[in-house]
Amino acid sequence: MAVSATNYAWLYSLIAVYGVASGTAAEYARRNNKAAVNDTGDEMRNHFGAGKGLSGLSLFFTLSASLFSAYSVEGIAWEAWFKGWFVTRWIPAGVGVYMCFLIIAPRLHALGKSRGYLTLSAFVYDRFSAPNSQYQATAHALRVITYMCMLLPIFTYQISQFVSMGKIMSAFTSNAISETTGVLIFALIMLHVEAIGGLRAVAYTDIIQGVILIIGSLVFFIASGVEFGGLSRAKEYFIAEGKFVKLPATSGSWSIIGYTSFVLRVAAAATMFPHLAMRLFVAKDRKMLQRGLAGMNFTFFWVQLASMIAGWTAVYALRDDTGVSIANQQSIFGRLALMLKTSSNFGDFASSLLVLAACAAMISTADSGLLAFSTMFVHDIYLPYAPKLFGPKARTDGFALKIVGLIASVCALGIGLALSIVNIREGKPDITGLFSIQTVTPIHAIPAVWGGLHLHWISGEAVLCGLIAGVVAGLSMVLDTSFNVKRAIGLDEHSSGWNTCVFAFLINIGVVLTVTIIEKFVLTKRAPSQVAPGARPLFIGTVVDKMFTAPLAWVAMLMTLLAACPFWYKPSSEVKYVGDMATWAFTSLFFSFILAIEVSCMYLFRWEDFKTEGDEGVDVDQERGVDVNAVSKEKFKFTGLTVEQVK
């Protein structure tokens, strides 16, 4: 006997259980932060940086949960329903992110341990402090601008999570719970967790949602086959109805160029998302981080592929559902879960668990973004500049900084909720649009972070000029309706299919190289700059990491990533099938899996611990509160200055 679709007792009960479990995890995290094994003696770091760091299951699941967000459930299922095989772009892009993390993860983790970093902007400031820049003001400008660039993904992540939660709850309950009500319920849970236990609480709730999501994805995969006919039935329907039977065109909207542009820009730009970078800084154990990143590559083939199959299945399963349309992007996930709810085989409990799994994943990601915002505000804005502006009135003790961070969290949550409610009412940009625009500004921090980590010769002035040029050009291109042809619907795309931020990023790189050449060959007689009072200039030296001494491995990975893009298929040709999947989609997934193996091997066998010049062997717990000049009595090899000369 089918379950009544108007009975939501299981859903309400599971939400209540999840809320209690999250609150318990937050309290447990608060106590663990004070335990001797985790307590750093710094209340601010205990809250925002999980004390001495995360390890074990909490580290693995928080790495996973920080990337699997609303789009992994809501957006991917909708995109698969709307655009068919094109949705496979998310898997090579996701694996590509971890390929690009190879560039920064070893060094950022080491710097997080040795210098106590929690934000990318803090690293950028130290790296380009004089004498690495001609003027100390350059380092200040870089810190503030990179901070501002990284706000965009935080708020787009928040909005997309809230809107998706609202859509799923509304679709599943046939609007018994409105979109706005769904958003507010989970926002309260999220704020409670972040306020009580900080980063450690977020990591513990990531374990809860990770287990639920793994189980939910498996149930959804099985259900799509048993109840809705699975991929084989969907394929028959595609062929009979003539859906998704052509490969994408060369250029334009949803094209081969668009697919390739998405994969390349997401792979690079997502490394600059602050909530992802924080996990690199706070990992307690290098080996656990190393193995966690190596294993994370393969989780895309569980969570995201399950959502894709659900979306493809939905094309057939929801063929007679008039409530689903392209115009309103109604939650495909929620509609399928509602169909599952009325099934005698899987029933109310399983479908309610699926909905909770999706919402829990979204809460986790939104909470990570919220914590990243408050951490960035405290470390990159309040601590450096509030004492200068307000003097002794600006308290900087650990308790005061924690309060400042919580106030920042409440403000960020309020902004995110307001924008989410506007988005729900206006309907644009949709979830696809939010993920499209979130790379517009953070991509321009790449020269400062990637270059700053590995290129000892790059100056702050060169990076600053490129950053300003790139951001200005990028914003101009996004807002120009003649260049960004999808500006009216909240997307970021040139008529060729390339995202506008790709063009702006090339301008950024070009300016950096031009200024560098001028500095090296024209302005050769400038007087060396001095270390500013209180600054901790970071000297990365000239040593090349083991990760980069195998160029053939990088060539192989890049070629594999490109092979996962369908540009080498004949555009607009007839789709052929491998089993129940289009050949070109299967090829993309196949090469993505090969890339995942390659990337995993690089993490396991090429990782090399990094030590900065002047900081050899000094752990952050020893260094905290100590001026950089007292850290080491060696010479700063990069500048040739001794400690006494720096003083």
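You'll find the protein entered in an unreviewed UniProt entry as Sodium/solute symporter, with Ostreococcus mediterraneus given as the organism. Taken from UniProt, the Sequence similarities (unreviewed entry) comment for the protein reads in full: "Belongs to the sodium:solute symporter (SSF) (TC 2.A.21) family." Turning to the protein, the UniProt record has this under Subcellular location (unreviewed entry): "Cell membrane".

Engineer: Can you help me understand the overall build of the protein in this one?
Structural biologist: Counting secondary structure elements, the protein contains 26 helices and 2 strands. In the protein, which comprises 647 residues, the share counted as buried stands at 62%. Partitioning the contacts of the protein with sequence separation of at least 6, the portion at a separation of at least 24 is 83%. Only carbon and sulfur atoms are counted for the fraction: they give 66% of the accessible area of the protein, which is about 23,800 Å².

Engineer: Explanation requested: the packing of aromatic side chains in the structure shown.
Structural biologist: Both the distance between ring centres and the angle between the ring planes are used here to describe each pair of aromatic rings. For the structure shown, the criterion picks out 25 aromatic pairs. Ring plane angle 75 degrees and centroid distance 6.2 Å describe the contact between tryptophan 85 and tyrosine 577, whose orientation is recorded as edge-to-face. Residue tryptophan 85 is located in the loop between α4 (70-83) and α5 (90-115), and its partner tyrosine 577 is located in strand β1 (residues 577-578); the two are separated by 492 residues in the primary sequence. By relative accessible area, which is 1% here, tryptophan 85 ends up buried. Overall, tyrosine 577 belongs to the partly exposed group, its relative accessible area being 22%. Look at phenylalanine 86 and tyrosine 259: their rings are 5.3 Å apart centre to centre, the planes differ by 85 degrees, and that puts the pair in the edge-to-face class. Linking phenylalanine 86 in the loop between α4 and α5 with tyrosine 259 in helix α11 (residues 256-269), this pair joins segments that are 173 residues apart in sequence. The burial state of phenylalanine 86 is the same as that of tyrosine 259; both residues are buried. Three or more aromatic residues link up through ring pairs in this structure, and these residues are Trp78, Phe82, Phe86, Trp254, Tyr259 and Trp584. The ring of phenylalanine 82 carries the charged tip of lysine 83 above its face, separated from the ring centre by 5.4 Å. Cation over ring: arginine 127 sits above phenylalanine 128, and NZ or CZ is 4.8 Å from the ring centre.

Engineer: Honestly, unusual backbone geometry in this entry has me stumped. Any pointers?
Structural biologist: As a rule of thumb, non-glycine residues mostly have phi less than zero, and peptide bonds are mostly trans rather than cis. Here the bond from alanine 130 into proline 131 is cis, since omega is 15 degrees, no more than 30 degrees from zero. For proline 131, the position within the fold is in the loop between α6 (120-127) and α7 (136-149). Phi at serine 572 is positive, roughly 60 degrees, even though this residue is not glycine. Within the secondary structure, serine 572 is located in the loop between α22 (551-563) and β1.

Engineer: What am I meant to see in helix α13 (residues 286-296) here?
Structural biologist: Count 3.6 residues to each turn of an α-helix, and residues three or four apart come out pointing the same way. Among all positions of α13, only Leu289, Gln290, Gly292, Leu293, Ala294 and Met296 are buried. For α13, the N-terminal cap is aspartate 285; the gap from its side-chain oxygen to the backbone nitrogen of lysine 287 is 3.3 Å.

Engineer: For this particular structure, what's the right way to read the nonpolar core?
Structural biologist: Within soluble globular proteins, side chains that are nonpolar generally end up buried alongside one another. If you look at the biggest cluster of nonpolar residues, it comprises 181 residues, and the most contacted ones within it are Trp85, Ile104 and Trp312. The biggest single contributor to this core is helix α16 (residues 347-390), with 21 residues. With residues near it in sequence (within four places) discarded, tryptophan 312 still touches Ala80, Gly84, Trp85, Val87, Thr88, Leu231, Ala234, Phe238 and Met581. The next biggest cluster of nonpolar side chains, apart from the first, holds 6 residues, and it includes Ala25, Ala29, Val193 and Ala201.

Engineer: Sorry, what's going on with helix α1 (residues 9-34) here?
Structural biologist: For α1, spanning 26 residues, the distance from its first C-alpha to its last is 38 Å, which sits close to the expected 38 Å at 1.5 Å a residue. For α1, the full list of buried residues reads Leu11, Leu14, Ile15, Tyr18, Ser22, Gly23, Ala25, Ala26, Ala29, Asn32 and Asn33.

Engineer: Help me out: how do you make sense of the pattern of salt bridges in this one?
Structural biologist: Should their charged atoms come close, side chains of opposite charge can pair. The tally for this structure, following the rule as stated, stands at 13 salt bridges. Two residues, aspartate 206 and arginine 279, come together in a salt bridge whose shortest N-O distance is 4.0 Å. Taken together, the residues aspartate 206 in helix α9 (residues 179-226) and arginine 279 in helix α12 (residues 274-282) connect sequence positions 73 residues apart. By the burial criterion, aspartate 206 is buried, and arginine 279 matches it. Three or more residues joined by partner-sharing salt bridges are found here, namely Glu27, Arg30 and Arg31.

Engineer: I would appreciate a short explanation of the side chain of arginine 279 in the present structure.
Structural biologist: Overall, the relative accessible area of 0% leaves arginine 279 in the buried class. There is a polar contact of 3.1 Å between the side chain of arginine 279 and the backbone oxygen of histidine 275.

Engineer: Sorry if this is basic, but what is going on with a nonpolar patch on the surface here?
Structural biologist: A contiguous nonpolar patch, built from Ile214, Leu218, Phe221, Ile222, Val226 and Trp302 and spanning about 540 Å² of accessible area, is present on the exposed surface. Following the sequence through the fold, valine 226 ends up in helix α9. Assessed through its relative accessible area of 52%, valine 226 is described here as exposed.

Engineer: I'm lost on the environment of phenylalanine 281 in this one. Help?
Structural biologist: Looking at the element boundaries, phenylalanine 281 is found in helix α12. For the pair phenylalanine 281 and leucine 120, spaced 161 residues apart in sequence, the C-alpha to C-alpha distance is 9.3 Å. Apart from the residues lying within four places of it in its own chain, the contact partners of phenylalanine 281 are Arg45, Leu108, Gly112, Tyr117, Leu118, Thr119 and Leu120.

Engineer: Teacher, can you tell me more about the environment of methionine 308 here?
Structural biologist: If you trace the backbone, methionine 308 turns up in helix α14 (residues 303-317). On the accessibility criterion, methionine 308 (0% relative accessible area) is buried. On a C-alpha basis, the gap between methionine 308 and valine 87 in space is 7.1 Å, while along the polypeptide they are 221 residues apart. Excluding residues within four positions of it along the chain, methionine 308 makes contact with Ile76, Ala80, Val87, Thr88, Trp90 and Ile91.

Engineer: Looking at this structure, I do not really get the packing of α5 against α22. What am I missing?
Structural biologist: In a pair of packed helices, the angle between the axes and the distance between the axes together describe the arrangement. Closest axis-to-axis distance for the α5/α22 pair is 11 Å, and the angle between their directions is 160 degrees. On the basis of their axis angle, the class for α5 and α22 is roughly antiparallel. The hand of the α5/α22 crossing is left-handed. On the side of α5, the interface is formed by Pro92, Gly96, Met99, Leu102 and Ile103, while α22 contributes Trp554, Met557, Leu558 and Leu561. Considered class by class, the residues forming the contact of α5 with α22 number 8 nonpolar, 1 polar and no charged.

Cut-offs and rules
Residues numbered from 1 in each chain as written. Predicted model: local features only at pLDDT ≥ 70, side-chain atom pairs only at ≥ 80, totals over all residues. Heavy atoms only, no water. UniProt positions renumbered as here; feature names shortened; annotations may be inferred. Helix = DSSP H or I, 4+ residues; strand = E, 2+ residues; numbered from the N terminus. Buried < 20%, exposed > 50% of the residue type's maximum accessible area, 1.4 Å probe, protein only. Contact = heavy atoms within 4.5 Å. Areas by Shrake-Rupley, 256 points an atom, 1.4 Å probe, with all protein chains shown as cover. Phe/Tyr/Trp six-rings, centres within 6.5 Å; stacked < 30°, edge-to-face > 60°. Lys NZ or Arg CZ within 6 Å of the ring centre and 35° of its normal. Polar contact = N/O pair within 3.5 Å; in protein donor to acceptor, adjacent residues only side chain to side chain. Core = buried A, V, L, I, M, F, W, Y, C linked by side-chain atoms within 4.5 Å. Expected span 1.5 Å × (residues − 1). Salt bridge = Lys/Arg side-chain N within 4 Å of Asp/Glu carboxyl O. Patch = residues over 30% accessible without salt bridge, like charges linked within 9 Å, V, L, I, M, F, W, Y side chains within 5 Å. Axes fitted to C-alpha atoms, helices over the stretch in contact; angles between N-to-C directions. Parallel < 35°, antiparallel > 145°, perpendicular 65-115°, else oblique. Left-handed = near helix turned anticlockwise from the far one by under 90°. Nonpolar A, V, L, I, M, F, W, Y, C, P; charged D, E, K, R; others polar.

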